[in-house]
Every structure is written in structure tokens, then in C-alpha cells.
Amino acid sequence: MSLVEIRDLQMHFPLGGIGGTLARLRGQAEPVLRAVDSVSFDVEAGETLGLVGESGCGKSTVARCLVRLLKPTAGSVRYAGKQIATLDAQAMRPFRRDIQMVFQDPTASLNPRLSVRSMVEEALTLHTKFDAKERRARVEELMHEVGLGRDLLDSYPHELSGGQRQRVNIARAIATNPRFVVLDEPTSALDVSLRSRAILLLEKLREHLGLSYLFISHDLATVKYLASRVAVMYLGSIVELSDTRDLFAKPLHPYTRALLAAVPVPDPDARRDDFTLAGEIPSPIDVETGCRLRGRCPLAKPICAEKPPLKEIAPGRFVACHLVAELSS
Amino acid sequence: MSSSLSVSSSTSKPVASSLVWQRLQRNPVSFAALCVIVLIAAAAILAPIVAPYAPDATDPAASLQPPSWQHPLGTDEFGRDQLSRIIFAARVDLLVAFAATLIAVTIGGLLGAVVGYSRGWADTLAMRVVDALMAFPAFVLAMGITAGLGNSITNVAIAISITQIPAYLRLTRGEMLRLREMEYADAARTLGNPTWRIVLIHLLPNCLPPLIVQATLSTGFALLTMASLSFIGLGIQPPQSEWGVMTAEGASQIVTGEWWLFVFPGLAIMVSVLAFNLIGDGLRDLLDPRMRGLR
């Protein structure tokens, strides 16, 4: 049994406004934005699963469904075998201790009116029976763990640097010894110089504390370093899921190929895959049937009008493309 | 940002508030206004000591005297000392203004926070009630409520606070709608905070700056409303000295030329309302979100 199992996760946002009301009056389905459409994957204990894709493809929405900031429209999210997709806030509370999240913007995710101490301590107050002294000791231990001085405990977020803020976020997320942490682009708001340090810290913590990560990013280099497996998302669906090494060595899905081909290589003589897609990412409101990449894919064939299932074409290697057999040969 | 960089890491809250203090000093008009209010409040608290006479001590021999060294602001038809009466009246006026504001901020702020956070039908209902209350001119509403409740000091304070609750409710609700979508609200939810903790501990403190500005501005307005109510006889009743009551009593003497009877209480009202407004304006500049980086 995997630590986290996601099956057919769907998150649709009603568009609201007069259009929705009119559609309801006519007895039609209300128009929705299909942010996440039928996503399935597992996260094993102790592993880092990378989730990549361009902005707006639904990565963060998947994350928000996982930590239940959103209630999925359909599908299941199992944590340690228990269904959490349908729990209400009250029933979800015991799971909060085990499932944590580090947010994208280290500044916006810290409350400007709370001190570092009170933010890190809060998780302990909510989920443990520690007394004040034990909490204090644990908070200091956590600060040490993420490489922050004890003297920063009484500071407020505006007094910290970006890197320090993200470390506070990380300390807060690991305070209760969670088993699964969702990292929603934890490094994208940081300077390049701080990025590598944050990544090393995350990797160190995973090894120390036996954490499992869902690492969301559009920075492929980071994912390549941190993740043992990678899922590639396009327009709300997973198009390829594979071992990191295999994926980067030989991307199979046309979208993955295009994504990797777009990464600049610091070598003018390097041979590069010239694979590019036509046009722009379409709107997730009127999604075409069949393969979602169909309109942009240079390899599209008539069969692409049917929705391609995510099928296992080699052990541990899943691709959602009708043409993969041809591509890989 | 540069100013916050120089701030040492260990002492934030005191530094932040002393920065506010420094900036207030740099805004001389608001600072002067603050001094005026402090002065009036001090005089009100120390009224028995600073007032030269008892407020209701009559002296038939000294009735309707113009300002003199004995009676700096003159006397009324019963020979009561105007200055002493104005000082004692400040007690009632400030107390009611502050109490009404405090009640309104507390109720409006909490209700606004709750409905803004929960949205849904409670929000819709609250906003329609607010719309209805705001459709009345505040003064007419206050008149109606005091007429209905009867005019004790407490009832006047309640009436005024009811007219002010909608403003706070709407303000806090609006802030809450914005704050509930902030990433730190999500972080608080992910951490497993119950809803009441998210609202009270995480979000409400972040609504405070605009609430403080609104409260300061409307303390002046509360004072004015009360004085007006008393002026038309629906607020504080004579012989209790109150600026509005005194202005009303003085107004009947305009034709006979005893100008000091309505000018001085009127001035007291004007100066304090103006002072509250100036402090409010100063605070608004100070707590402006665009200046947050400088805090």
C-alpha cells in the first residue's frame, strides 16, 4: 500500500455568473473550469514524487486537493489507506498532523502579525499535548533543524530575508513530524543562490525525518535532482509518469518531449531535440475531447480524437498517448 | 525597506509602535490634534481639580456675566460658571463618544469578520440589513432610537453605536473577504486551525489598521451626533452639563446678545470633532497599505 493514493481526482470550478444560471435554467450542465481532470498517482513512503507542468496546468490544484484546502469534485485521495477526499474540516483535523504543505510564496504564507515563534509553535499547540516548556524546546530544535538561529524566534516575517522566511515555512510544516509534505514550488520565489540551499535542506530533512514529498515545480533541473519519479501534467491531466532518470533520458509523450526540449542547455554545440508544439495552451473551460494535446501536437493522428488512457508501457512507466508505441520504436 | 533592515531582529513590536509614534510626531497637525484630545481628556478626568467652580453652583448675583477674570468664559442666567460646566461636560461627551465607538467597533468588527469569513446566507443577510440601516441618515436613525429607548446616557451611547455598526461591519467584512484568500490563511487551515482561531487569531488582527482609522474618525462623528441629539432635546437632559445641551441653552440667548453662552460650548464641540478627524487622517496616512514597506 502506498502512503498516498490518488485515483481519478477531479476538481471542477463552476464559472458562476449569468452564464451558469442560464445554463441551469435551460437544464444544461453548468459550464465549469476543469482544473484537474482524472488524475491518478501514488506517493510511496519516503519517496519524492515530482509534479511538473506549465503554469495553469492544475499542479497547485492537485496539491490543494491533497491537503484538503479544496474538496475534490470527484475521485479519491487515500492517505495510509484512509479516504480523506470527502472528510469535512472536523474529521480532517487529525490528518493535518501527518499531511503538511509548504507554500509557494514564503512571504504571503507567513502571517505578518505573528512572530516566528508563535507560528512554529502553533502546530504543536494544535496537535500535541506538549506543555509550554516542551513546546519551547521543540521549537528551538526545529529552528536548528532548518538552519535558523534561535535569536530569530521573536522576529516578525517582515524582518526576515526571503530564504529565512521559507525556512520558517518549512519549520512550521515539519513541526508535528508529518509523514507527507506537499511542496508547492517552494523554491520558485527564491533567488537562484538561495534555491540550491533550500533544496539541499529539503533533501536533508527527507532523509533525516523519513518524509515523503510531492514536489511541485516548473523548474525541471530541481525536479531532476530531488525527485525519484516524475509526473508530467498538461491541462489538468497527467500525460507521463516515470522514473526520473528514464524520463529525462528519453521522454516519450510529445508534451514531455517539448517540455524538455524547451530547457536551455548551456552548450552551444549540444545536439538538441527540436521538438516544439504549435500555438498556446488552450483554455481549460472548453476542453476538446480526445487527447488534450491534439490541437498542438505535430504528430497528431485521427486516433487522437479518442481519449488516450494512461497506460503502463514499461514497468513503472506510464504514458497517455496513442502513438507512444510508434514513438518509442 | 531600508528602515526595516536596520531594525534589530529581537525587538519588533516595540520598534513598530515607536515608529508609528515617530511618524505621528513628524505629522505636526495630527500630533497637535492628539495633544488637544489628550488635554481635553485630562481636563475631563481631573475636572473637580481643574474646574474653578462646581458645574451646577448657582450664583444669582453673577448671572449672565460676559467673560471676565472671575469667569473666563462668562456665566449663564443662573450664574453658573461656563468654563467649569464645559470642563465637566467633557466627561459626558468624551465618555459617550468613546463608549459608542468601542461598542460599535467590537460588535461591527466581530460580526463583519464572521460573515466575511463564512460568506453564504449569513453574509447576504447581514449586508442587506447594513444596506437598510445605511439608507437612513445616521442622525435620523439615532433620533429614532433614543426616542424609542428613552434618553439616558447609556441609551444615547447605544443609539449612536447602532448607527455606526454598519460602517465597521462592512469594512471588516471587506477586509475579511480579501484576507481569507491569503496564502497565510491557507497555511493556517493546512495546519489544522479551527475556524474560530483562523478568524480571531490569524485574520482579524490584520483587519485592525483600517478599523483603527475608521474608529478615530467616527469618534468625532459620535461626539457630534450626541451633541446634536442633545441640542434638539433628545440626548442628554439638563441640568446635566453637556456641550450640545449648553449650546441649545445658549442659542436662546442669541437675540439678547449673550454670545458667550453658545459660542464656547460650540467651540468645544468643533475643536474636539476636528481634532478626532485630524488624528484619523494622520493615522490613515500612517497605516496606509502602500506605506507598509516603510513600517
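Data block above holds the structure.
Residues numbered from 1 in each chain as written. Chains lettered and ligands numbered in written order. Predicted model: local features only at pLDDT ≥ 70, side-chain atom pairs only at ≥ 80, totals over all residues. Heavy atoms only, no water.

Caption draft 1: Here's a closer look at the sheet that holds strand β12 (residues 317-319) of chain A. All names here are of chain A. If you walk across this open sheet you meet the 8 strands as β6-β7-β8-β3-β9-β10-β12-β11, and the pairing is mixed. The sheet is open, and its two edges are formed by β6 (99-102) and β11 (311-314), each paired on a single side. Ignoring which end each strand starts from, the neighbouring axes of this sheet average 25 degrees apart. Sheet topology places strand β9 (residues 229-234) next to strand β10 (residues 237-243); 6 bridges connect them, and they run antiparallel. Within the sheet, the bridge partner assigned to Tyr234 lies in β10 and is Ser237. (Pairing = 2+ DSSP bridges. Helix = DSSP H or I, 4+ residues; strand = E, 2+ residues; numbered from the N terminus. Axes fitted to C-alpha atoms, helices over the stretch in contact; angles between N-to-C directions.)

Caption draft 2: Spatial organisation of helix α8 (residues 153-179) of chain B. With 27 residues, α8 of chain B extends 37 Å between its outermost C-alpha atoms, agreeing within 8% with the 39 Å of an ideal straight helix rising 1.5 Å per residue. For α8 of chain B, the principal kink sits at Gln164 of chain B and spans about 35 degrees; a proline, Pro166 of chain B, occurs within the next four residues. (Expected span 1.5 Å × (residues − 1). Bend = angle between axes of the 7 residues up to and from the residue.)

Caption draft 3: Summary view of the packing of aromatic side chains. Enumeration over the complete set of coordinates arrives at 5 aromatic pairs over all chains. Between Tyr79 of chain A and Phe95 of chain A, the ring centres sit 6.2 Å apart and the planes meet at 85 degrees, which makes this aromatic pair edge-to-face. Of this pair, Tyr79 of chain A sits in strand β4 (residues 74-79) while Phe95 of chain A sits in helix α3 (residues 89-96); the two residues are 16 residues apart in sequence, bridging distant segments of the chain. Accessibility expressed as a relative area gives 3% for Tyr79 of chain A, which makes it buried. Using a relative accessible area of 15% as the deciding quantity, one classes Phe95 of chain A as buried. Centroid distance Phe98 of chain B to Phe276 of chain B: 5.8 Å. Interplanar angle 85 degrees. Geometry classified as edge-to-face. Here Phe98 of chain B is found in helix α5 (residues 82-118), whereas its partner Phe276 of chain B is found in helix α12 (residues 260-287), with 178 residues between them in sequence. Look at Phe276 of chain B and you get buried, because its relative accessible area is 4%. A network of ring pairs unites the aromatic residues Trp259, Trp260 and Phe264 of chain B as a single cluster. Its end group placed over the ring of Tyr117 of chain B, Arg180 of chain B keeps NZ or CZ at 5.1 Å from the ring centre. (Phe/Tyr/Trp six-rings, centres within 6.5 Å; stacked < 30°, edge-to-face > 60°. Buried < 20%, exposed > 50% of the residue type's maximum accessible area, 1.4 Å probe, protein only. Lys NZ or Arg CZ within 6 Å of the ring centre and 35° of its normal.)

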